[in-house]
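As a plain string of letters, each chain reads:
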Number of protein chains: 2
Amino acid sequence: LDNFLDALGPERVITAPGDTAPFCVDWTGRFRGATPAVLRPGTTEQVAAVVALCRHHGLALTPQGGNTGLVGGSVPLAGEIVLSLRDLDRLAPVDDVSGQVTVGAGASLAAVQGAATAAGWAYGVDFASRDRATIGGTIATNAGGLRVLRYGDTRAQVVAVEAVLGDGSIVSHLGGPTKDNTGYHLPSLLCGSEGTLGIVTATRLRLVPAASERATALLAFDSVERAVAAAGDLRRHVPTLEAAELMLAAGIGLVCRVTDRPPPPGPSAAAFLLVEAGDRLSPAAELAAGIEALTGVVHVTPVATDPVPAAALWRYREDHPAAVNTLGPPHKFDVSLPGDGLAAFVDEAPGIVAAVAPGATTWMWAHAVDGNVHVNVTGLAPDDDRVGDTLLRSVAARRGSISGEHGIGTAKRAWLHLNRTLAEIDAFRALKRALDPDGILNPNVLLPPPTAAPPLTTGTVRGVSG
Amino acid sequence: LDNFLDALGPERVITAPGDTAPFCVDWTGRFRGATPAVLRPGTTEQVAAVVALCRHHGLALTPQGGNTGLVGGSVPLAGEIVLSLRDLDRLAPVDDVSGQVTVGAGASLAAVQGAATAAGWAYGVDFASRDRATIGGTIATNAGGLRVLRYGDTRAQVVAVEAVLGDGSIVSHLGGPTKDNTGYHLPSLLCGSEGTLGIVTATRLRLVPAASERATALLAFDSVERAVAAAGDLRRHVPTLEAAELMLAAGIGLVCRVTDRPPPPGPSAAAFLLVEAGDRLSPAAELAAGIEALTGVVHVTPVATDPVPAAALWRYREDHPAAVNTLGPPHKFDVSLPGDGLAAFVDEAPGIVAAVAPGATTWMWAHAVDGNVHVNVTGLAPDDDRVGDTLLRSVAARRGSISGEHGIGTAKRAWLHLNRTLAEIDAFRALKRALDPDGILNPNVLLPPPTAAPPLTTGTVRGVSG
């Protein structure tokens, strides 16, 4: 501890249990741990000093950003030291010529979006916890969100990183040009590595041209299958499509009850798509032409080009999580299916859940084009993991991914073998040893325990979430 | 050799010098080597068998695709065994729902583009050697090209790979969904690794919505600086911009002389931008509005929406390499500059070259938005590398990259330290050891020799190209 105090100064070393407590629990309250110390370095060099000390003393570190994950990847569940990156929140001016910006790992997603917008650009990643999530956290988890279908995931935005590797060395390549093929691409490797290979302290992000006009509409369908098919068609025929969010009648009904809002206009329908296009000139015409060509649409709202009616449509989608939370803490599962498997899974998931938990209720919403569905189950005891085990196995059996957006964390590491072969996991372990030779960086995250048996199929396993 | 014959059968093992010769020289004729055998496996399992045999016997392998690189990365310069992937040219049907396609490493870029187009999609990467370059080669080098500014480089297209790692193991993850955060992203790590970590045998690529309408124009400017600034402005204000190719008066003049074609319409000018937008509805209006807002434009051709006049404009750009080749084999350098450095470098490069080679002539064209310039120098002896050394040092001093598109290969490995710190190169070596523990995969490519001294600054060094 004295070593950390020497390296960082007293104001950057937090040890009082009352002060460390907020760093020991995730935002859902599901994952709760304990730590001897929370370290808040203010520079990359201080991060390197911390890693060197931990390596010397054999101490495990859990890096932490905004702590908005869902898989227990950023909380000290095994008593790790917490390394909070939030103070590394520098925002450099936007580089207008290259359309890029250099930011610290602790800057919030919203701050980066704001800086981009102020400079006449946009940042390609967006999701609901934008005010709290840090850019470092979005890189560690390769965050997705609402606009992946147009701009790609976080990995597609990361031009360069500065990072401290597990051996304590600093690798920094922030000054480079757009096109740069000089060696292995560490930014892509660190992106999605969940703090297990290195600690990103700063990054250079690509920005995208800002869409000055937007067009938004809500489409209704008789079936999930038709809605998913329409999302695919629309994406293919409207290059400026930015979002295609799938909602179900039950979820819309719950949102309307909880928020005391009228149902969407039009006849009752089984499934809804909230779609949005963005461009400089004529996104409304582009979106309208795309919708015109669809089949199976029961009802379409007028295409909204003003922010006020567009925001009213978005609230149907954005109020889903809060509406479900009013029923008690849900079990949350973030999974993705191959394109042709999303509709069938959404139709069958309630039955899959009911088979192991008859009293539970299943709520879902999805990024339709990405095949990425957020499954929320209410009416379960907090420690009842039978549903999670069953759902993840069902997803894997359909060639889907047990993690669409949030990573593996601690919650899903025992299930990684459902998606990955032993050869792949061996390659992951070799990469881990290469960059973190003493295994001090988030050692209980992502990779399965070396001796792990395959998880059981009944309720004795813990922590499946997402 | 008998082992290879047993593993592959006689038709897949080429040993006669006359038959191996075409595999021992790159397409420019600059890099020439020799090999005891060219192996042409037909399956991933055969690739794995070859790697296992090479590992067992301590033999070095050079993977080879279409052999269209410029840095000597795919020819057996040190007597390596050549592993040609061209027979792995399977093309699966396009997956219309997810907008993805699975292809073998040996499929040509043109074949993938054609399959995408036939299915109503497009592939985001395009460049001149599309008929001969293989997809595996584009992944190994993270190929860029004409449309990076809209769709990103090859790394942004690679959803998944099947590959044989240096330890002989097969990692395969081709069936997955679009969003998949289950472990370290091997596709991104292998992309740009130049065959030194693993051998990609198949890949799953994302496709992009096809632009059914295109709009093309040629803009003239009084200075390179104004042309580069206009390219940046246009990119920012025309989200559907797909290309912004910079050309210079001298290059245009040479092309017109060699091809006996009239000069572009309008007054004489110092620099030209060939710009193209693609969309479903109104790219011509989008491009025209973007051009209208530019300053410093001397002349604009009518915006072409028909393929015939558009192709006539593109020929000014596409005939540049052949026109330069009529002056004798050029030294080719592919480098990139930060956004604000491209114009100054283009203005100063002829002087930098003339200072060390007074009789040489410098020709340049560039992907303007990416800061990526192709420098061609004619009038040099084939083995005169003073110009290369000087140019690469100049680029690095301007915070540019010594490789924009083609990688490091053998040609630039002694210069890698200009762009990369010792800590970064150490991390690269650790990754190399992790996935290729015996160092059998392209051992003379990308990483500098462990004992390399910094390169000399005068003409005793060899092989700088790109």
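Residues numbered from 1 in each chain as written. Chains lettered and ligands numbered in written order. Predicted model: local features only at pLDDT ≥ 70, side-chain atom pairs only at ≥ 80, totals over all residues. Heavy atoms only, no water.

This part takes up the overall build of chain A. Secondary structure summary: chain A contains 15 helices and 17 strands in total. For a compact globule of 466 residues, the expected C-alpha radius of gyration is about 23 Å, and chain A comes in at 22 Å, within 12% of that figure. For the C-alpha atoms alone, the extent of chain A along its principal axes is close to 65 × 55 × 45 Å. Within chain A, contacts between residues separated by at least 24 positions form 74% of all contacts whose residues are at least 6 apart in sequence. Element-wise, carbon and sulfur atoms account for 56% of the exposed surface of chain A, whose accessible area totals about 15900 Å². Counting 36 positive and 46 negative side-chain charges, chain A places the centres of these two groups 2 Å from one another. (Helix = DSSP H or I, 4+ residues; strand = E, 2+ residues; numbered from the N terminus. Rg over C-alpha atoms; globule rule 2.2 N^0.38 Å. Contact = heavy atoms within 4.5 Å. Areas by Shrake-Rupley, 256 points an atom, 1.4 Å probe, with all protein chains shown as cover. Lys, Arg positive; Asp, Glu negative; His and termini not counted. Charge placed at Lys NZ, Arg CZ, Asp CG, Glu CD.)

Quick look at the relation of the copies chain A and chain B now. With an RMSD of 0.0 Å, the fit of chain A onto chain B corresponds to turning through 180° and sliding 0.0 Å along the axis. Taken together, the rotation angle and the small translation identify this as a two-fold axis. The fraction of interface residues of chain A whose copies in chain B are also interface residues reaches 98%, indicating that both copies meet through the same surface. (Least-squares fit on C-alpha atoms with pLDDT ≥ 70 in both.)

Counting from both sides, the interface comprises 85 residues of chain A and, opposite them, 83 residues of chain B. Ranking the residues of chain A by area buried against chain B places Lys179(A), Asn181(A) and Tyr184(A) at the top, with a combined share of 16%. Run the count over chain A and chain B and you get six salt bridges. In this structure, the salt-bridge partner of Lys179(B) is Glu405(A), at a minimum N-O distance of 2.5 Å. (Buried area = accessible area lost by both parts, 1.4 Å probe. Salt bridge = Lys/Arg side-chain N within 4 Å of Asp/Glu carboxyl O.)

Turning our eyes to something else, we now look at helix H10 (residues 283-292) of chain A. Residues Pro283(A), Glu286(A), Leu287(A), Gly290(A) and Ile291(A) constitute the buried set of H10(A). The buried side chains of H10(A) occupy one side of the element, clustering within an arc of 130° when seen end-on. (Buried < 20%, exposed > 50% of the residue type's maximum accessible area, 1.4 Å probe, protein only. Arc of directions from axis to C-beta.)

Note on placement: His173(B) falls in the loop between strand S8 (170-172) and helix H7 (186-190). Polar side-chain contacts of His173(B) include one of 2.7 Å to the side chain of Asp180(B). With residues up to four places along the chain from it excluded, the contact list for His173(B) reads Asn419(A), Arg420(A), Glu424(A), Ala160(B), Val161(B), Asp180(B) and Thr182(B). (Polar contact = N/O pair within 3.5 Å; in protein donor to acceptor, adjacent residues only side chain to side chain.)

Let us now look at the packing of aromatic side chains. Enumeration according to the criterion identifies two aromatic pairs over all chains in this entry. Between the aromatic rings of Tyr184(A) and Phe428(B), the centroid separation amounts to 5.4 Å while the plane-to-plane angle is 65°, which identifies the pairing as edge-to-face. Of this pair, Tyr184(A) sits in the loop between strand S8 (170-172) and helix H7 (186-190) while Phe428(B) is found in helix H15 (residues 422-435), placing the two residues in two different chains. Arg261(A) extends its terminal NZ or CZ atom over the ring of Tyr316(A), reaching a point 5.5 Å from the ring centre. (Phe/Tyr/Trp six-rings, centres within 6.5 Å; stacked < 30°, edge-to-face > 60°. Lys NZ or Arg CZ within 6 Å of the ring centre and 35° of its normal.)

Under the criterion given, the structure shown has three cavities of 30 Å³ or more. Partitioning the lining of the second largest cavity into residue classes produces five nonpolar, four polar and no charged. (1 Å grid on protein atoms, 1.4 Å probe; cavity = no way out; pocket = protein on both sides within 12 Å on 5 of 7 lines; lining within 4 Å. Points joined across faces, edges and corners; volume = space filled by probe spheres on them. Nonpolar A, V, L, I, M, F, W, Y, C, P; charged D, E, K, R; others polar.)

Residues and elements named next belong to chain A. Judged by pairing direction, the sheet is mixed, and its four strands sit side by side in the order S1-S2-S4-S3 without closing on themselves. With partners counted over all chains shown, the strands left at the sheet margins are strand S1 (13-14) and strand S3 (61-64), one partner each. Pairing between strand S2 (residues 38-39) and strand S4 (residues 81-84): two bridges, direction parallel. By the bridge assignment for S4, Leu 39 is matched with Leu 83. (Pairing = 2+ DSSP bridges.)

Attention shifts here to the confidence of the model for chain A. Residue and element names in this part refer to chain A. Chain-level statistics for chain A give a pLDDT mean of 93 and a share of 96% at 70 or above. For residues 453-466, every residue scores under 50 in pLDDT, and the model assigns this stretch 47 contacts once sequence neighbours within four places are set aside. Both confidence scores are given for the complex: pTM 0.94, ipTM 0.93. (pLDDT = per-residue confidence, 0-100.)

On to the pattern of salt bridges, then. All names here are of chain A. If you walk through the whole model with that rule in mind, you get 38 salt bridges over all chains. When the shortest N-O distance is used, the salt bridge between Arg 130 and Asp 126 registers 2.7 Å. Using a relative accessible area of 22% as the deciding quantity, one classes Arg 130 as partly exposed. Here Asp 126 falls in the buried class, since its relative accessible area comes to 14%.

Turning our eyes to something else, we now look at helix H4 (residues 109-118) of chain B. Note on helix geometry: an α-helix contains 3.6 residues per turn, so any two residues three or four positions apart are oriented the same way. Residue and element names in this part refer to chain B. Of the positions making up H4, those classed as buried are Leu 109, Val 112, Gln 113 and Ala 116. Angularly, the buried residues of H4 cover 100° about the axis, an arc narrow enough to put them on a single face. Residues of H4 that are buried sit in contact with strand S5 (100-104), strand S6 (121-122), helix H5 (135-140) and strand S9 (198-206). Downstream of H4 by one or two residues, Gly 120 has phi in the positive range, about 90°.

Residues and elements named next belong to chain A. When you line up the elements, Ala 107 lands in the loop between strand S5 (100-104) and helix H4 (109-118). Distance in space between the C-alpha atoms of Ala 107 and Gly 388 is 33 Å, their sequence separation being 281 residues. Not counting chain neighbours up to four residues away, the residues in contact with Ala 107 comprise Leu 88, Asp 89, Arg 90, Leu 91, Val 112, Ala 133, Thr 134 and Ile 135.

In this structure, Asn142(A) takes a positive phi of about 50° despite not being glycine. When you line up the elements, Asn142(A) lands in the loop between helix H5 (135-140) and helix H6 (148-151).

A few words on the nonpolar core. Side chains of a nonpolar character, in soluble globular proteins, are inclined to be buried together. Within the largest apolar cluster, 178 residues are counted, with the highest numbers of intra-cluster contacts made by Leu246(A), Leu273(A), Val275(A), Val373(A), Leu273(B), Val275(B) and Val373(B). Not counting chain neighbours up to four residues away, the residues in contact with Leu273(A) comprise Ala217(A), Leu218(A), Leu219(A), Phe221(A), Ala227(A), Ala230(A), Ala231(A), Ala244(A), Glu245(A), Leu246(A) and Ala368(A). (Core = buried A, V, L, I, M, F, W, Y, C linked by side-chain atoms within 4.5 Å.)

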